[in-house]
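As a plain string of letters, each chain reads:
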Amino acid sequence: MREISSRTAGRATEDTGDAGPVRARGGDDDLIRARGGDDAAFTRLVEPLRRELHAHCYCMLGSTHDADDALQDALLRAWRGIARFEGRSSLRSWLYTVATRTCLDIVATRGRRALPVDLGPSSDHAVLGDAPLTDVAWLGPYPDAGLTDDPAGPGARYEQREAVELAFVAALQHLPGNQRAALLLFEVLGFSAAEIATTMDTTTTSVNSALARARKVVADKVFPRTQQPTLRKIGDARVREIVAGYSSALERGDADALVALLTEDVTWSMPPMAHWYRGLEAVTDFAVRVPLTTCGSWRHLPVTANGQPAVGSYLWNEDAAAHLAWSIDVFTLRDERIAEITSFVGPGHFAPLGLPASLP
């Protein structure tokens, strides 16, 4: 599938973004006003779609902050082009066209985001003094509040929460931009191949070819079972117990309690640190030598991120006389145990999740 240039994307946003088989509602007063330059009417039109558009941008880009920028840019493009929107498609389809093309422009200039498992093999023992890699574009956590367990479109395969799960978004980062967009529009949003071809200014044959290649890559990298049915099977009460057990084990420095929560093949990674650990022995060695003994005092707040259970981890800072934001630890569960811990280190991850920067 051919790449879309910035010039083509910009033209399509204004001139061809209204094409498609689904008709918008006729006589929509806000649409008429928005076409006439009423920005308040435009805001009322797009506000119900803002949340799902933001999630789409995150899936494309792998970063909450990039998604913020992309959505702002896309809505600006849409505002500038709304006068030429003729209603031959739904407003939702048109806005997704604008957002997708905006994200493709960004993907073309910034490349893909990574997790430590993408960079090299795991370490079999704790690496002390592991320094952050600042020259890598890292995948980041996503605030999932407002997303539902329902598909975003009538023909969608994935639920909204499934679409932002870490394994799925990380797998998407291995795809070229157009394959990434085609898979999201088809599997997550329920667009037809013909609609996607219009959105991406290509042919239906090219879309179907891109979908086939994208599905193969994602299937090779994602667990056979997504987290949403797993979490429902475990139940909310048990999930809360697991999260509380993890938090308590770190706060008490209890290695046995922590190990009891982990699968035999557990992995633990900490972007932006390059080293990561696989297997109970390696993860235990890391846990005992670093977070359980040498880091200091921990406190935790439960949260959800990427449709998965998580905690905000706070580390004691003597100068501040407070526990300061350290990492967002996102858990992938299997059979009531933790199969993956992804600790996104950095205070910048806390505010989007609604967490404070410090705990007194």
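Refer to the structure printed above.
Predicted, not measured: the structure shown is a model, and the values here were computed from it.

(A) Local environment of the overall build of the protein chain. Along its length, the protein chain carries 14 helices and 7 strands. Projected onto its principal axes, the C-alpha positions of the protein chain cover 65 × 40 × 40 Å. By sequence separation, contacts in the protein chain at least 24 residues apart represent 68% of the contacts at least 6 residues apart. Put simply, the protein chain shows about 15,700 Å² of open surface, and 52% of that area lies on carbon and sulfur atoms. Between the mean site of the 37 positive side-chain charges and the mean site of the 46 negative ones, the protein chain shows a separation of 6 Å.

(B) Spatial organisation of the pairing of strand β3 (residues 298-305). Pairing between β3 and strand β4 (residues 308-317): 8 bridges, direction antiparallel. Bridging from a neighbouring strand, H300 pairs with S313 of β4. Connecting β3 to the next strand, β4, in antiparallel fashion are 2 residues, including N306 with a positive phi near 55°.

(C) Up close: the layout of surface pockets. In this model, the largest pocket occupies a volume close to 520 Å³. Lining the largest pocket are 20 residues, and of these V117, A167, K221, R278 and E340 lie nearest its centre. Elements that contribute at least two residues to the lining of the largest pocket include exactly α7 (166-172), β1 (262-269), β2 (276-278) and β6 (337-345).

(D) Region of interest: helix α8 (residues 177-188). Taking 1.5 Å of rise per residue, the 12 residues of α8 would be expected to cover 16 Å, and the 16 Å separating its terminal C-alpha atoms lies within 8% of that figure. Within α8, 11 of the 12 residues are buried, which leaves the element mostly enclosed by the surrounding structure. All of the buried residues in α8 are G177, N178, Q179, R180, A181, A182, L183, L184, L185, E187 and V188. Buried-residue contacts for α8 involve α3 (39-61), α5 (91-110), α6 (160-163), α7, α9 (193-199) and α10 (204-221). A positive phi of about 75° marks G190, the residue just after α8.

(E) Layout of empty space enclosed by the protein. Evaluation of the coordinates by the stated rule reveals 5 cavities of 30 Å³ or more. Approximately 100 Å³ is the volume found for the largest cavity. What lines the largest cavity is E52, A55, H56, C59, Y96, L147, A152, Q160, A163, L184, V188 and L189. Secondary structure elements with two or more residues in the lining of the largest cavity: α3, α6 and α8. Looking at the lining of the largest cavity, the element that brings in the most residues is α3, giving 4 residues. Class assignment for the residues of the lining of the largest cavity results in 9 nonpolar, 2 polar and 1 charged.

(F) Main features of unusual backbone geometry. For the peptide bond that leads from P271 to P272, omega is 20°, which places it in the cis range. Mapped onto the elements, P272 comes out in the loop between β1 and β2. Of note, the phi angle at D201 is positive, near 55°, even though the residue is not glycine. In this structure, D201 sits in the loop between α9 and α10. Of the residues examined, D201 reaches a relative accessible area of 27% and is grouped as partly exposed. Phi is positive for E336, close to 65°, though the residue is something other than glycine. Its location among the elements puts E336 in the loop between β5 (322-334) and β6.

(G) Summary view of the pattern of salt bridges. What the rule picks out here adds up to 19 salt bridges. Note that D30 is salt-bridged to R33, the shortest N-O span being 3.8 Å. Of this pair, D30 and R33 both sit in helix α2 (residues 29-35), separated by 3 residues, roughly a single helical turn. Residue classification places D30 among the buried positions, given a relative accessible area of 18%.

(H) Expanded view of the packing of aromatic side chains. One pass over the full model with this rule turns up 10 aromatic pairs. Taking 4.7 Å as the distance between ring centres and 70° as the angle between the ring planes, the aromatic pair formed by Y246 and F331 counts as edge-to-face. Taken together, the positions of Y246 in helix α12 (residues 236-252) and F331 in strand β5 put the pair 85 residues apart, joining distant regions of the chain. You can call F331 buried: its relative accessible area is 1%. In textbook terms, an aromatic cluster arises when at least three aromatic residues are bridged by ring pairs, as seen for Y246, W268, Y277, F286 and F331.

What counts, and where the lines are drawn
Residues numbered from 1 in each chain as written. Predicted model: local features only at pLDDT ≥ 70, side-chain atom pairs only at ≥ 80, totals over all residues. Heavy atoms only, no water. Helix = DSSP H or I, 4+ residues; strand = E, 2+ residues; numbered from the N terminus. Contact = heavy atoms within 4.5 Å. Areas by Shrake-Rupley, 256 points an atom, 1.4 Å probe, with all protein chains shown as cover. Lys, Arg positive; Asp, Glu negative; His and termini not counted. Charge placed at Lys NZ, Arg CZ, Asp CG, Glu CD. Pairing = 2+ DSSP bridges. 1 Å grid on protein atoms, 1.4 Å probe; cavity = no way out; pocket = protein on both sides within 12 Å on 5 of 7 lines; lining within 4 Å. Points joined across faces, edges and corners; volume = space filled by probe spheres on them. Expected span 1.5 Å × (residues − 1). Buried < 20%, exposed > 50% of the residue type's maximum accessible area, 1.4 Å probe, protein only. Nonpolar A, V, L, I, M, F, W, Y, C, P; charged D, E, K, R; others polar. Salt bridge = Lys/Arg side-chain N within 4 Å of Asp/Glu carboxyl O. Phe/Tyr/Trp six-rings, centres within 6.5 Å; stacked < 30°, edge-to-face > 60°.

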